[in-house]
Amino acid sequence: MAAPVLSRRKSIRFNRRQITLGSMALCLVFLLLIGLSSWLIGEAGLDPVLTQRNQPPNWAHPFGTDWLGRDMLTRSLHGMSLSLRIGLLAASFSAIIGTGLGLISGTLGGKVDAVITWIIDVFFSLPHLVLLIMIAFAVGGGTKGVVIAVALTHWTSLARVIRAETLQVNSSNYVQLSHRLGRSPVWIARHHMLPHVVPQLLVGLVLLFPHAILHEAALSFIGIGLSPHTPAIGIILAESMRNLSTGYWWVGVLPGLLLLLAVKAFDILGENLRMLIDPKTSQE
Amino acid sequence: MLLAKDLSFRYPRQDWILQNFNMEIAPGEVVGLLGPSGFGKTTLSKLLAGYLSPTAGDVRVNHAPLPRSGYCPVQLIFQNPELAVNPRWRIQQILAEKQMPEPSLLEALGIHSGWLNRYPHELSGGELQRVAVARVLNPATSYLIADEMTAMLDANTQALIWHRVLDYALVQNLGLLVISHEAALIQRLCNRVIDLVQVRASERWKGA
């Protein structure tokens, strides 16, 4: 008897496409806000105020303050904004290298494929972090060092995936037919392969992004990344390690939560974009 | 003249699929190729259309070998149209990959203009096969190889496609190789029939 009453209730129903687009817009706005926050809120909260040290979260300081009395919300937002930009830049470079080499390898095959596969294997065989440190050190550290080092070390797994994907498409009937219709390998790579690997590229980019942030933090931690004065999320988290045991949980947990939210937002964005691009799921 | 001379094929370290196979198709001729599964029908069609290169012997079109690049004058139509079209392309783009077929041809094959904006998964197998046929029916094609082209289609679509293709072949002087294991279909369509079972038997007799 309760069912008809419930169904009579008027609720606004969205279809799946609207939900997808809506959640994508929400994530995009969230990421944009974080990205622009350092510019929006200014640098006022970054200065130490020794009279208000180690305050737990309250209305004036939603994320609390650290042992120097700096506002953690301001620091976290500044840090996320910087990490987001560095991560995005490094991950994009990495994704471009990976896609390019994967496509070339899969399309041309033969000796070119053997050489590229060999390079990928060499990169895989070297310890990740050691290579990262060496490259960052060689180019002189700093933001530039982090971006170059992360870009040069993270493309291998994506290149592998894209190479495999390209090989699979390459052996499909419609690509072979395209050759017989007189299309050149470059044309086929551009029109048949590239649209096919774009979803992999997006997923790869999303997966690379948190890696890039974490490695930026790792490099900053050992002192060849960003300078310790810059409020990067990695540096904040490294500092908070000392405070966790003394009960100042907000110094680490809240910035960590912000990082988690940002990465998750990227994840939702990538997943929904993939669904929209794939014609099989785009019209559901 | 599409000519296969002493055509042999095998994958490395495996048994011969085809050995010393000879055949020819004249422009405008409709030749049938009969044979049970596993007799190399599909391998032969791929060799003739240049998808595979023969282990020995060669394929010649008008006394020249098949071109390595550029448009191949021998075109193959696959059994499964779903695999022969890019699932990310609209029908319009698929049809125009070489050149957009004449509107009259599209109409003859019953390809509605409403399909042009759709994706392959929105069409049925028979509809897609008509698209695949229309794609290769252009003046640059001199020979068409239909490898079980209508095997998985219903009788109506089968009849429609064959009528249109035969009409086109007659007008454009197109050489046609019809590959099937359906003897009735081949008897109905073809001027001449090659039976792979007999070819193989005569070879064995020659070899003994």
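What counts, and at which threshold
Residues numbered from 1 in each chain as written. Chains lettered and ligands numbered in written order. Predicted model: local features only at pLDDT ≥ 70, side-chain atom pairs only at ≥ 80, totals over all residues. Helix = DSSP H or I, 4+ residues; strand = E, 2+ residues; numbered from the N terminus. Buried ≥ 20, exposed ≤ 12 C-beta atoms within 10 Å, placed from the backbone. Contact = placed C-beta atoms within 7 Å. Rg over C-alpha atoms; globule rule 2.2 N^0.38 Å. Pairing = 2+ DSSP bridges. Right-handed = clockwise from strand over helix to strand, strands pointing away. Axes fitted to C-alpha atoms, helices over the stretch in contact; angles between N-to-C directions. pLDDT = per-residue confidence, 0-100. Left-handed = near helix turned anticlockwise from the far one by under 90°. Nonpolar A, V, L, I, M, F, W, Y, C, P; charged D, E, K, R; others polar.

Let us now look at the overall build of chain A. Along its length, chain A carries 12 helices and 0 strands. Order of helices (α) and strands (β) in chain A, N terminus to C terminus: α-α-α-α-α-α-α-α-α-α-α-α. With the C-alpha coordinates of chain A rotated into their principal frame, the extents come out at 75 × 70 × 30 Å. In chain A, buried positions account for 38% of the 284 residues. Looking at chain A alone, contacts between residues at least 24 apart form 69% of all its contacts between residues at least 6 apart.

The subject of this paragraph is the overall build of chain B. Along its length, chain B carries 7 helices and 9 strands. Relative to the globule expectation of 17 Å for 208 residues, the C-alpha radius of gyration of chain B, 17 Å, shows essentially globular dimensions. Projected onto the principal axes, the alpha-carbon positions of chain B cover approximately 60 × 35 × 35 Å.

All names here are of chain B. A large share of strand β8 (residues 175–180) lies buried, amounting to 6 of its 6 residues. Across the two faces of β8 the burial is the same, with G175, L177 and I179 and L176, V178 and S180 all buried. Bridging between strand β7 (residues 143–147) and β8 involves 5 bridges; their strand directions are parallel. In the sheet register, L144 faces β8, and the bridge partner there is L176. Note on the crossover from β7 through helix α5 (residues 155–172) to β8: the handedness is right-handed.

What follows covers the sheet that holds strand β6 (residues 74–77) of chain B. Residue and element names in this part refer to chain B. Spatially, the 5 strands line up as an open sheet ordered β6-β7-β8-β3-β9, and their pairing is parallel. Looking at which strands have only one partner, the edges of the open sheet turn out to be β6 and β9 (192–195). Going across the sheet, the axis of each strand differs from the next one's by a mean of 20°, ignoring polarity. Looking at chain direction, strand β3 (residues 30–34) and β9 are connected through 4 bridges and run parallel. Paired with L34 across the bridge in β9 is D195.

The next point concerns the sheet that holds strand β1 (residues 2–9) of chain B. Residue and element names in this part refer to chain B. Sheet architecture is open: 4 strands sit in the order β2-β1-β4-β5, paired in antiparallel fashion. Bordering the open sheet on either side are β2 (18–25) and β5 (64–65), each of which pairs with just one other strand. Direction of pairing for strand β4 (residues 56–61) relative to β5: antiparallel, over a ladder of 2 bridges. Across the sheet, residue V61 finds its bridge partner in β5, namely A64. Across the sheet, helix α1 (residues 41–48) lies against β1, β2 and β4, angled at about 125° from β1, the strand it touches most.

Residue and element names in this part refer to chain B. Summary statistics for chain B give a mean pLDDT of 88 and a share of 98% for residues scoring 70 or more. Mean pLDDT values over the elements of chain B span from 72, in helix α7 (residues 196–207), up to 93, in β6. Scoring of the predicted complex yields 0.73 for pTM and 0.87 for ipTM.

This part covers the environment of E122 of chain B. Locating E122 of chain B in the fold gives a position in the loop between α3 (103–108) and α4 (125–136). Once the C-alpha coordinates of E122 of chain B and R90 of chain B are considered, the two residues, 32 residues apart in sequence, prove to be 9.9 Å apart.

Each packed pair of helices is defined by two parameters, the angle between the axes and the distance between the axes. All names here are of chain A. Two elements in contact, helix α3 (residues 72–108) and helix α11 (residues 250–277), have axes separated by 10 Å at closest approach and are oriented at 35°. Considering how the two elements wind past one another, α3 and α11 form a crossing that is right-handed. On α11, the residues touching M72, S76, G79, M80 and L84 of α3 are W250, V251, L254, P255, L258, L259 and A262. Its residues assigned to classes, the contact of α3 with α11 comprises 10 nonpolar, 2 polar and no charged.

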